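# Overview (structure and organization)
Spelled out, the chains give:
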Amino acid sequence: IGFVVPLISGLICLAALGVFLSGRLTPVERKLSLLLVGELVACVICWFSLIVYATDATLFVKVKAPFYLCMLYAQVTTYHYVYTLTRTGREVRFSAWHYIIPALFTVVFLVWSLRVPEDIKIAIAGSDGFYVREYGIFGFFFNSNRYVFLLSNLFYSVLSLRRIVRFKREWAVPYTHL
């Protein structure tokens, strides 16, 4: 039953955000709220995909591309949220490339997957890291969830921390008296 807790808390947060979005919001509040909705939806899809991965390799093969996209978009939306919160009005808009690159990555994976027989993909998904010799590169790519997540999480965490530090430095007011 413990594996359902993230789903329930995510759905409760989505419902709360839905109520919040129905009120009058400033454009920035609306944007931040929609980013949180996007993040929560991506996380729910990732949660569902990981449950499928653990229980049914055949079905996981079918949800792998959306899983990859959501796994990457969860990192991007978190950074986009931080970027929006720490805007000072002087910097450029958030680059669409942060969303385009994961989408291209997913399209490449999807096209490549269409060229690999279904039984090979199922064997790779159920192998937990072992690959069919003729499809070694595809197998590595298919099972690279952990590495891709780690690298994207690290990359966007560093970007977020840099923005926060820069924002704090720019808006810090020296204490002249206590």
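The notes below deal with the structure included here. Owing to the predicted nature of the structure, the values given are computational and were not obtained by experimental measurement.

## Some details on the packing of helix H2 (residues 27–55) against helix H3 (residues 57–85)
- At their nearest, the axes of H2 and H3 sit 7 Å apart, and the two run at 150° to each other. By the angle between their directions, the pair H2 and H3 is classed as roughly antiparallel. In the packing of H2 onto H3, the handedness of the crossing is left-handed.
- Looking at side-chain class alone, the contact of H2 with H3 contains 23 nonpolar, six polar and two charged residues.

## Overview of the packing of aromatic side chains
- Per the counting criterion, the structure on display carries 22 aromatic pairs.
- For the pair Phe105 and Phe141, a centre-to-centre distance of 5.1 Å together with 55° between the ring planes defines the contact as tilted. One end of the pair, Phe105, is in helix H4 (residues 97–114); the other, Phe141, is in helix H6 (residues 136–142), and 36 residues separate them in sequence.
- By relative accessible area, Phe105 is classed as partly exposed at 25%.
- The class for Phe141 is buried, based on a relative accessible area of 16%.
- Note on Trp112 and Phe141: the rings are 5.3 Å apart at their centroids and 40° apart in plane angle, and the pair reads as tilted. Placement of Trp112 in helix H4 and of Phe141 in helix H6 is noted, with a sequence separation of 29 residues between them.
- Through pairs of rings, three or more aromatic residues link up here, namely Tyr53, Phe60, Phe67, Tyr68, Phe105, Phe109, Trp112, Phe138, Phe141 and Phe142.
- The ring of Tyr83 has Arg163 sitting right over it, with the charged end atom 3.8 Å from the ring centre.

The rules behind these values
Residues numbered from 1 in each chain as written. Predicted model: local features only at pLDDT ≥ 70, side-chain atom pairs only at ≥ 80, totals over all residues. Heavy atoms only, no water. Axes fitted to C-alpha atoms, helices over the stretch in contact; angles between N-to-C directions. Helix = DSSP H or I, 4+ residues; strand = E, 2+ residues; numbered from the N terminus. Parallel < 35°, antiparallel > 145°, perpendicular 65-115°, else oblique. Left-handed = near helix turned anticlockwise from the far one by under 90°. Nonpolar A, V, L, I, M, F, W, Y, C, P; charged D, E, K, R; others polar. Phe/Tyr/Trp six-rings, centres within 6.5 Å; stacked < 30°, edge-to-face > 60°. Buried < 20%, exposed > 50% of the residue type's maximum accessible area, 1.4 Å probe, protein only. Lys NZ or Arg CZ within 6 Å of the ring centre and 35° of its normal.

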